[in-house]
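# Examination of the molecular architecture
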Amino acid sequence: MKLESKVPSGPIEKSWDKHRFDLKLVNPANKRKFKVLVVGTGLAGSSAAASCAELGYQVESFCIQDSPRRAHSIAAQGGINAAKNYPNDGDSVWRLFYDTIKGGDFRAREANVYRLAQVSNAIIDQCVAQGVPFAREYGGTLSNRSFGGAQVSRTFYARGQTGQQLLLGAYSALMRQVGAGAVKLHARSEMLDLVVVDGAARGVITRDLVTGRIERHWGDAVLLCTGGYGNVFYLSTNAGACNVTATWRAHKRGAAFANPCYTQIHPTCVPVAGDHQSKLTLMSESLRNDGRVWVPKKKGDARKPQDIPEDERDYYLERKYPAFGNLVPRDIASRAAKQMADDGRGVGKTGLSVYLDFKDAIARIGLDKVKEKYGNLFDMYRHITDENPYEQPMRIYPAVHYTMGGLWVDYNLMTTIPGLFCLGEANFSDHGANRLGASALMQGLADGYFVLPYTLGGYLAGAKLPKVTADHAAFAQAENDVVMRTRALLGTGGKKAPAAFHRDLGRVMWDNVGMGRNAKGLREALSKIPEIRDAFWKGVSVVGDAADFNQTLERAGRVADFLEFGELLAKDALAREESCGGHFREEHQTPDGEAKRDDEKFAHVAAWEYNGEGKEPTRHVEPLTFDNVHIAQRNYA
């Protein structure tokens, strides 16, 4: 396996423009001869499908939910970054590029990140044209707010519903093409395998989640836009349906999986309340604009927060990182919160939370203004906790949120399988070891609207693809593999629900591969995960049958993939002997307890190759070079 990044040569400011010009084109009359399969309908999937159809390609879109509007992009709250510099506070494409590289702890590919910053402004124009109701100033101009990891205000937002509003814009563009007959939409359809013919991706095998029917779909290129794998930890801010199946099955067909241990811990989540929970709830990072994070100075202080005087409070982010204060990047804020809890100064019944206090903001800008900016978030918090955050501080704690790892892709967003492209959170490319807030929405729309339409054409114009239909032997083999796996799940005859094994896996992952990692714990995880996997295949209960609506079967298949993928994630974490981003190896820290990178040995992307059932995967390396940003220890003080 060769990892050829295909990054253009020359000045980084001109690379994308030059690359677009150098890519081969498919003339308009020929575009209708090509069929493109797009799996996933979040921001990346909807924007890519709509753009490809607008260009004239035949497009088939696959949605695991009952409607594209229910894709997990809808859950994003706080905003989307762009280098418009409307506040005139010193922002630029270069600063957005720098902040993103630095925020990712110098573990991202420079060229991809610069391109992301470069097209960011066009995303805002596109979304405004679609009618996305961004917040506006009194005079009608678009409003910006601050986000973690930046000292400028560059985040565009629609209250705490930015993801929903952006998805509605992309969904509208997609459904326009569905209505025009340019896109064939397959709702409630789950991809269960990738079909590779003569070394190129030529189709997918899906299961209709309502009828249970296994279906073959052929195409000239496949786009995976299926999101992240955060649910490998069981408890995360992801929707219950979020899974690793599509990318994991593609990995087993030959696509390298890059940096699987890079998972983001979000610092601003509603704390765990008990074992009854199946997911966690995110409170937008935008709350850290006006909310102040603190804990009592005294260990074990059980007083109500309003009874603790100012001089007995530790506003620890403001104390430790005065330049950024409460707006340090997510990994810094998450680790700091864990340190407070480990020190015995966590709050709440479990001691696993810290306060996010709006008392000063309400006094400064008024209750009505706070409600205008954050009202829906406060309402959500109140419904979940039965506590009024206008009268007492919120309690927050870090939780698994986003995944920076994913299928390895080159500059064209193509995986190591020709014809298989990967967009958005499902790929590894832009965020390094830590995603800055408000950049996931930016990447999804950048990939779908402004990158893939060019690079897909470059591939199709140059590829010599033989005519393939769903009758090809490779489709029959892939379908048979899916059927046999389904039969195996139905035939276990066990007594435990899939969720029980998922919970067991999640506990191992969080305890040993979560915010704090060490070699002993990682090896322990690598011994426990196979045990859970063996127990799953012997003892899982999957009732019903395959030829029907069967949510237990759906869940079991996804848990089975998590049980395989979780082992690779732990292997990757063990191999990376450094602390970077949110991935704190306890053996590698500064005297002050901060993360300590090893740039000499680990300034690279780790991409894993699947070698078959029961065989050790191969770890490949793509070196990262930093010609435009000086690699240095991160400092937010």
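Thresholds, definitions, all that
- The numbering scheme is per chain: residues are counted from 1 as the chain's sequence reads.
- Per-residue local features of the predicted model are confined to residues with pLDDT of at least 70, and side-chain atom pairs are confined, for both listing and counting, to 80 or more; whole-chain, interface and lining totals are unaffected and use all residues.
- With hydrogens and water stripped out, all remaining heavy atoms of the structure feed into the side-chain values.
- Orientation is described by lines fitted to C-alpha atoms, with helices fitted over the stretch in contact, and by angles between N-to-C directions that extend from 0 to 180 degrees.
- Each helix corresponds to a stretch of at least 4 residues labelled H or I by DSSP, and each strand to a stretch of at least 2 residues labelled E; elements are numbered beginning at the N terminus.
- Orientation is classified from the angle alone, with under 35 degrees giving roughly parallel, over 145 giving roughly antiparallel, 65 to 115 giving roughly perpendicular, and any other angle giving oblique.
- Should the near helix be turned anticlockwise from the far one by less than a right angle, the crossing is termed left-handed; should it be turned clockwise, right-handed.
- Pairs of residues are marked as contacts when any of their non-hydrogen atoms sit within 4.5 Å.
- Each residue is assigned to one class: nonpolar for Ala, Val, Leu, Ile, Met, Phe, Trp, Tyr, Cys and Pro, charged for Asp, Glu, Lys and Arg, and polar for all the others, Gly among them.
- Burial classes: relative accessible area under 20% of the type maximum marks a residue as buried, over 50% as exposed, and values in between as partly exposed (1.4 Å probe, protein chains only).
- Note on pairing: DSSP must find at least two bridges between two strands before they are called paired.
- Note on definitions: salt bridges are taken to be side-chain nitrogens of Lys or Arg within 4 Å of carboxyl oxygens of Asp or Glu.
- In this analysis, the protein atoms alone were mapped onto a 1 Å grid. Cavities are point sets where a 1.4 Å probe fits without being able to get out; pockets are open sets with protein on both sides within 12 Å along at least five of seven lines; lining residues have an atom within 4 Å of a point.
- Grid points are joined across faces, edges and corners, and a volume is the space filled by probe spheres set on the points.
- One less than the residue count of a helix, multiplied by 1.5 Å, gives the span that helix is expected to have.
- Side-chain atoms alone can form a polar contact between residues adjacent in sequence; in general such a contact is a pair of N or O atoms within 3.5 Å, and within protein one must be able to donate a hydrogen while the other accepts it.
- Throughout, nonpolar core names a set of buried Ala, Val, Leu, Ile, Met, Phe, Trp, Tyr and Cys residues whose side chains join them through atoms within 4.5 Å.
- Just so you know, the domain bounds were taken from an automatic or database domain assignment.
- Classification of ring pairs uses Phe, Tyr and Trp, with its six-membered ring standing for Trp, and accepts pairs whose centres are within 6.5 Å; under 30 degrees between planes counts as stacked, over 60 as edge-to-face, and the remaining range as tilted.
- In this scheme, Lys NZ or Arg CZ marks a charge over a ring once it lies within 6 Å of the ring centre and within 35 degrees of the ring normal.
- Accessible surface is computed with a 1.4 Å probe, and the buried area is the amount of it that two parts give up when combined, taken over both parts together.

### Focus: the packing of helix α4 (residues 93-103) against helix α5 (residues 110-129)
Where α4 meets α5, the axes come as close as 9 Å, and the angle between the chain directions of the two elements is 135°. Classified by the angle their axes make, α4 and α5 are oblique. Relative to α5, α4 is oriented so that their crossing is right-handed. Every residue of α5 that contacts α4 at Val93, Trp94, Leu96, Phe97, Thr100 and Ile101 is listed here: Glu110, Val113, Tyr114, Ala117, Gln118, Ser120 and Asn121. Its residues assigned to classes, the contact of α4 with α5 comprises eight nonpolar, four polar and one charged.

### Quick word on unusual backbone geometry
Backbone geometry at arginine 159 places phi at a positive 50°, although glycine is not the residue there. Its relative accessible area of 39% is what places arginine 159 among the partly exposed residues. Phi is positive for tyrosine 234, close to 65°, though the residue is something other than glycine. With respect to the helices and strands, tyrosine 234 occurs in the loop between β10 (221-224) and α7 (245-252).

### Considering the sheet that holds strand β18 (residues 420-422)
Strand order across the open sheet formed by five strands is β6-β2-β1-β10-β18, with parallel pairing between neighbours. Every interior strand has two partners, whereas the edge strands, β6 (183-186) and β18, have only one. Pairwise comparison of adjacent strand axes, ignoring direction, gives a mean angle of 20° for this sheet. In the sheet, strand β2 (residues 58-62) pairs with β6 via four bridges, with the strands oriented parallel. By the bridge assignment for β6, phenylalanine 62 is matched with histidine 186.

### Quick notes on the pattern of salt bridges
With the rule as written, the count across this model stands at 55 salt bridges. Two residues, arginine 202 and aspartate 220, come together in a salt bridge whose shortest N-O distance is 3.2 Å. You can see arginine 202 sitting in strand β8 (residues 200-208) and its partner aspartate 220 sitting in the loop between β9 (214-218) and β10, a full 18 residues away along the chain. Each of the two residues, arginine 202 as well as aspartate 220, counts as buried. Between aspartate 504 and arginine 507 there is a salt bridge, with the nearest N and O atoms lying 3.6 Å from each other. You can see aspartate 504 and its partner arginine 507 sitting in helix α14 (residues 498-513), three residues apart, about one turn around the helix. On the accessibility criterion, aspartate 504 (25% relative accessible area) is partly exposed. Taking relative accessible area as the criterion, arginine 507 reaches 42% and is therefore assigned partly exposed. Connected through shared salt-bridge partners, Asp105, Arg107, Asp331, Arg576, Glu578, Arg597, Asp599 and Arg634 make up one network.

### Focus on empty space enclosed by the protein
Applying the stated criterion across every chain yields a total of seven cavities of 30 Å³ or more. Around the largest cavity sit 15 residues that line it, and Leu192, Thr486, Leu489, Leu553 and Gly557 are the ones nearest its centre. Contributions of two or more residues to the lining of the largest cavity are made by β7 (189-197), α7, α13 (473-490) and α16 (551-575). Among the elements that make up the lining of the largest cavity, the one with the highest residue count is α16 (five residues). Here the residues of the lining of the largest cavity are counted per class, giving five nonpolar, three polar and seven charged.

### Topic: α16
If you check α16, its first and last C-alpha atoms are 36 Å apart, about what 25 residues at 1.5 Å a residue would give, namely 36 Å. Counting buried residues along α16, 21 of its 25 residues qualify, which places the element largely inside the surrounding structure. The N-cap of α16, judged by a side-chain oxygen 3.2 Å from the amide nitrogen of threonine 552 a few residues on, is asparagine 550.

### Re the nonpolar core
Among the nonpolar cores identified, the biggest contains 138 residues, and Ile80, Leu420 and Phe421 are the most heavily contacted of them. Taken domain by domain, this core gets at least three of its residues from each of domain 1 (266-400) and domain 2 (473-619). Residues within four places of phenylalanine 421 in sequence aside, it is in contact with Ala221, Val222, Leu223, Leu224, Asn412, Leu413, Met414, Thr415, Leu452, Thr455, Leu456 and Tyr459. Residues Leu287, Val328, Phe358 and Ile396 belong to the second largest nonpolar core, which totals 27 residues.

### Notes on the packing of aromatic side chains
Scanning all chains against the criterion turns up 24 aromatic pairs. Each member of the aromatic cluster is reached from another via a ring pair, and the members are Tyr229, Trp248, Phe257 and Phe565. Looking at lysine 35, its charged tip hangs above the ring of tryptophan 218, at a distance of 3.9 Å from the centre.

### Focus on the domain arrangement of the protein
In terms of domains, the protein is made up of domain 1 (266-400) and domain 2 (473-619). With 11 residues of domain 1 at the interface, the matching set in domain 2 holds 10 residues. With both sides pooled, the region where domain 1 packs onto domain 2 buries about 760 Å², and carbon together with sulfur makes up 57% of that total. Interface area lost by domain 1 to domain 2 is led by Asp331, Arg335 and Lys338, which between them contribute 50%. At the boundary of domain 1 with domain 2, the tally comes to zero salt bridges. Joining domain 1 to domain 2, the criterion identifies one residue pair in polar contact (both at pLDDT 80 or more). Secondary structure elements with two or more residues in the side of domain 1 that touches domain 2: α9 (330-342) and β16 (394-403). For the side of domain 1 that touches domain 2, the element with the highest residue contribution is α9, accounting for five residues.

### Here we look at the sheet that holds strand β21 (residues 604-609)
In space, the four strands of this open sheet follow the order β17-β11-β21-β22, with antiparallel pairing throughout. Unpaired on one side and paired on the other, β17 (406-407) and β22 (618-623) mark the two borders of the sheet. In this sheet, β22 lies alongside β21 in antiparallel orientation, the contact comprising six bridges. Each bridged residue has a counterpart across the sheet, and for glutamate 609 the counterpart in β22 is threonine 618. In the packing of α16 onto the sheet, contacts are made with β11 (257-258), β21 and β22, and the angle to β21 comes to roughly 145°.

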